[in-house]
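The lines below spell out each chain.
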Amino acid sequence: QAIGHLLADRDDDPRAMVEMILQDAGYQVLLAADGVEGVTLAREHRPDVILMDIFMPGLDGIEATRQLKADPATAAVPVIAYTAKPGSVRDGEELFAAVCAKPCDPDDLLRLVGEFAPLTQGG
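Rules used throughout
Residues numbered from 1 in each chain as written. Predicted model: local features only at pLDDT ≥ 70, side-chain atom pairs only at ≥ 80, totals over all residues. Heavy atoms only, no water. Core = buried A, V, L, I, M, F, W, Y, C linked by side-chain atoms within 4.5 Å. Buried < 20%, exposed > 50% of the residue type's maximum accessible area, 1.4 Å probe, protein only. Helix = DSSP H or I, 4+ residues; strand = E, 2+ residues; numbered from the N terminus. pLDDT = per-residue confidence, 0-100. Polar contact = N/O pair within 3.5 Å; in protein donor to acceptor, adjacent residues only side chain to side chain. Axes fitted to C-alpha atoms, helices over the stretch in contact; angles between N-to-C directions. Parallel < 35°, antiparallel > 145°, perpendicular 65-115°, else oblique. Left-handed = near helix turned anticlockwise from the far one by under 90°. Contact = heavy atoms within 4.5 Å.

Q: Just give me the short version of the nonpolar core, but keep the residues and values in it.
A: One finds L6, I50, M52, I54, L68 and F96 to be the most contacted residues of the largest nonpolar core, which totals 21 residues. Mapped onto this core, the elements with two or more residues apiece are β1 (5-8), β2 (29-32), α2 (35-45), β3 (50-53), α3 (61-70) and β4 (79-83). With 17 residues, the next largest nonpolar core counts Y27, A98, C104 and L109 among its residues.

Here it is in structure tokens:
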């Protein structure tokens, strides 16, 4: 069964909040604490969409997304840049399907994720 969503975020509190919003809406969620873990989980589970924090220790979100886009197994997975500094995405803008500023309004977050991973009723 497809995982609806992968969230890679270095910050525990925003990660937990977004996880709760998505799970309450009916999405299955995988969590990654950094870019390396995000790339590994994406390759293992091939989520429908990824929310990628830009500023993470070690492998940042832009480089992690570059690796995913270079891999034929994950190249088609839409990646949404999830960052407190949307202007920081300019250098890697072509890699991302969209940019979501954090903190993100729950309704806006669900609408954006739903564009790339619509929930189906009745399983």
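Q: Can you explain the confidence of the model for the protein? Please cite residues and give values.
A: Looking at the protein as a whole, the pLDDT averages 86, with 93% of positions reaching at least 70. Mean pLDDT values over the elements of the protein span from 75, in β1, up to 95, in α3.

Q: Give a detailed account of the side chain of D71, specifying residues and quantitative values.
A: Secondary-structure assignment places D71 in the loop between α3 and β4. One polar contact links the side chain of D71 to the main-chain amide nitrogen of A73, over a distance of 2.9 Å.

Q: Which residues make up the packing of α2 against α3, and what values do they have?
A: For the pair α2 and α3, the least separation of the axes is 9 Å and the interaxial angle reads 25°. Between α2 and α3, the angle is such that the two are roughly parallel. Viewed along their axes, α2 and α3 form a crossing whose handedness is right-handed. Every residue of α3 that contacts α2 at G35, V39, A42 and R43 is listed here: A64, Q67 and L68.

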